[in-house]
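Geometric and topological summary
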Amino acid sequence: GVKSTARKLVLRGVDTPVQPTGFAAYRATVDVEKMKADPDTAWLLEKPSLNVWIGENRHVMSYTIAAGKSFNMVLSHVDTTDISTWKPDGAIDAMRKEFVGWDPRLTKVINMIDSTLKWPLLSGAPLVTWIAPSNKVLLMGDAAHAMVPYMSQGAAMAVEDGAALASVLSLISEPEQVPSALKVFETERMKRSSQMQQASLLNGKLWHFPDGEEQRLRDESMRPEVEGRSFSWSANQWSDPVTQWWAYGYDAEKEAEKSWARVQALAETS
């Protein structure tokens, strides 16, 4: 993961650690029985859904987990303080202060939280390689491409890494082809994960506009989806049809296979 010791080995002794982004997230769960007892919050449990509140430098994401028995919350906010100074004591009060003045229905749910943990939001810098000189160790997942969660694709990228690696290794016919297969994997996955890192940072910028012209234009572009009308594009990258197709329609196995086929075709003609 982000604390990978293998990364330094792969990079020949000079690590490129992940970097703070200036944002952090409180993570917490709420007892759904508390929410059911209040009409202002019970509606959030009526059907499985993802609810997001967005505002200047902050947003809150919520959804049920554990078959509807628990309500999960992620509360993102600006935080440039030293991570080593973070203490569990006082975290709940600090979390609540971040969202004073927000939607009263949201603050009611926040006030139902009994405990929380604050997590730094980190992003990985581009690495020169993911493959050790021996071709026996390689990086994937957060060790290779940590990203902020504003597209909720960090874990998905790790799964795609595994699928792509398995796919390309299944195509080789002899051990001598392993280095070439790993290079194909690296090239394809570096491109894909880097694009997702950028998309995640972009969506964070879009969600965190202060009140003003940019915020009004964003909200206007999102109005059709909020009102349940059809739309062809949205500033909300989670809902924008083209972004959805790019993010969720990608086939990691197929793309790895296509990349391997291109490399083999070039080898045969050279």
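All of these numbers come straight from a predicted model, not from anything done at the bench.

1. Regarding the overall build of the protein
For the protein, the count of helices and strands is 11 helices and five strands. For the C-alpha atoms alone, the extent of the protein along its principal axes is close to 70 × 45 × 40 Å. Looking at the protein as a whole, 41% of its 270 residues qualify as buried. Nonlocal contacts in the protein, meaning residues at least 24 apart in sequence, comprise 68% of its contacts between residues at least 6 apart. A total of about 14800 Å² of accessible surface is found on the protein, and carbon and sulfur atoms cover 56% of it.

2. Structural notes on the sheet that holds strand 3 (residues 58–65)
An order of 2-3-4-1-5 is seen for the five strands of this open sheet, with the pairing classed as antiparallel. Here the strands that pair on one side only, and so sit at the sheet edges, are strand 2 (51–55) and strand 5 (117–123). Pairwise comparison of adjacent strand axes, ignoring direction, gives a mean angle of 20° for this sheet. By the bridge criterion, five bridges tie strand 2 to strand 3 in an arrangement that is antiparallel. Bridge assignment links glycine 55 to a residue of strand 3, and that residue is arginine 58.

3. Concerning the nonpolar core
Ranked by size, the top nonpolar core spans 21 residues in total, and within it Val30, Phe71, Met73 and Leu75 carry the most contacts. Taken together, the elements giving at least two residues each to this core come down to strand 1 (19–31), helix 2 (32–36), strand 4 (70–78), helix 4 (91–98) and helix 5 (104–110). Filtering out sequence-adjacent residues up to four positions away, valine 30 remains in contact with Met35, Ser70, Phe71, Met73, Val109, Met112 and Ile113.

4. A word on the packing of aromatic side chains
Evaluation of the coordinates by the stated rule reveals four aromatic pairs. Taken together, a centroid distance of 5.1 Å and an interplanar angle of 85° make the contact between phenylalanine 99 and tryptophan 102 edge-to-face. You'll find phenylalanine 99 and tryptophan 102 in the same group, each marked buried. When the centroid spacing of 6.1 Å and the interplanar angle of 65° are considered together, the rings of tryptophan 130 and phenylalanine 185 count as edge-to-face. A residue pair is termed long-range when its members are at least 10 positions apart, and tryptophan 130 in the loop between strand 5 and helix 6 (142–145) and phenylalanine 185 in helix 8 (residues 178–207) qualify at 55 residues. Of the two residues examined, tryptophan 130 and phenylalanine 185, each falls in the buried class. The ring of tryptophan 86 has lysine 118 sitting right over it, with the charged end atom 4.2 Å from the ring centre.

5. Digging into helix 9 (residues 213–226)
Compared with an ideal rise of 1.5 Å per residue, which puts 14 residues at 20 Å, helix 9 spans 19 Å between its outermost C-alpha atoms and is within 8% of the ideal. Within helix 9 the residues assigned to the buried category are Gln215, Arg218, Ser221, Met222 and Pro224. Buried-residue contacts for helix 9 involve strand 2 and helix 8. Just downstream of helix 9, glycine 228 is the residue with a positive phi angle, here 80°.

6. A closer look at the confidence of the model for the protein
Confidence in the prediction for the protein averages 95 pLDDT; 100% of positions are at 70 or higher. Confidence, read as mean pLDDT per element, is least for strand 5 in the protein (93) and greatest for helix 7 (residues 154–169) (98).

7. With respect to the pairing of strand 4
Every regular strand shows the same layout, with side chains that alternate between the two sheet faces. When you tally the buried positions in strand 4, you get eight out of nine residues, the bulk of the element. Looking at chain direction, strand 1 and strand 4 are connected through nine bridges and run antiparallel. Looking at the pairing, alanine 24 lines up with histidine 77 of strand 4. In terms of strand pairing, strand 3 meets strand 4 through eight bridges, oriented antiparallel. Bridge pairing links serine 62 to methionine 73 in strand 4. Connecting the antiparallel pair strand 3 and strand 4 is a turn made up of four residues, with alanine 66 showing a positive phi of about 55°.

Calculation rules
Residues numbered from 1 in each chain as written. Predicted model: local features only at pLDDT ≥ 70, side-chain atom pairs only at ≥ 80, totals over all residues. Heavy atoms only, no water. Helix = DSSP H or I, 4+ residues; strand = E, 2+ residues; numbered from the N terminus. Buried < 20%, exposed > 50% of the residue type's maximum accessible area, 1.4 Å probe, protein only. Contact = heavy atoms within 4.5 Å. Areas by Shrake-Rupley, 256 points an atom, 1.4 Å probe, with all protein chains shown as cover. Pairing = 2+ DSSP bridges. Axes fitted to C-alpha atoms, helices over the stretch in contact; angles between N-to-C directions. Core = buried A, V, L, I, M, F, W, Y, C linked by side-chain atoms within 4.5 Å. Phe/Tyr/Trp six-rings, centres within 6.5 Å; stacked < 30°, edge-to-face > 60°. Lys NZ or Arg CZ within 6 Å of the ring centre and 35° of its normal. Expected span 1.5 Å × (residues − 1). pLDDT = per-residue confidence, 0-100.

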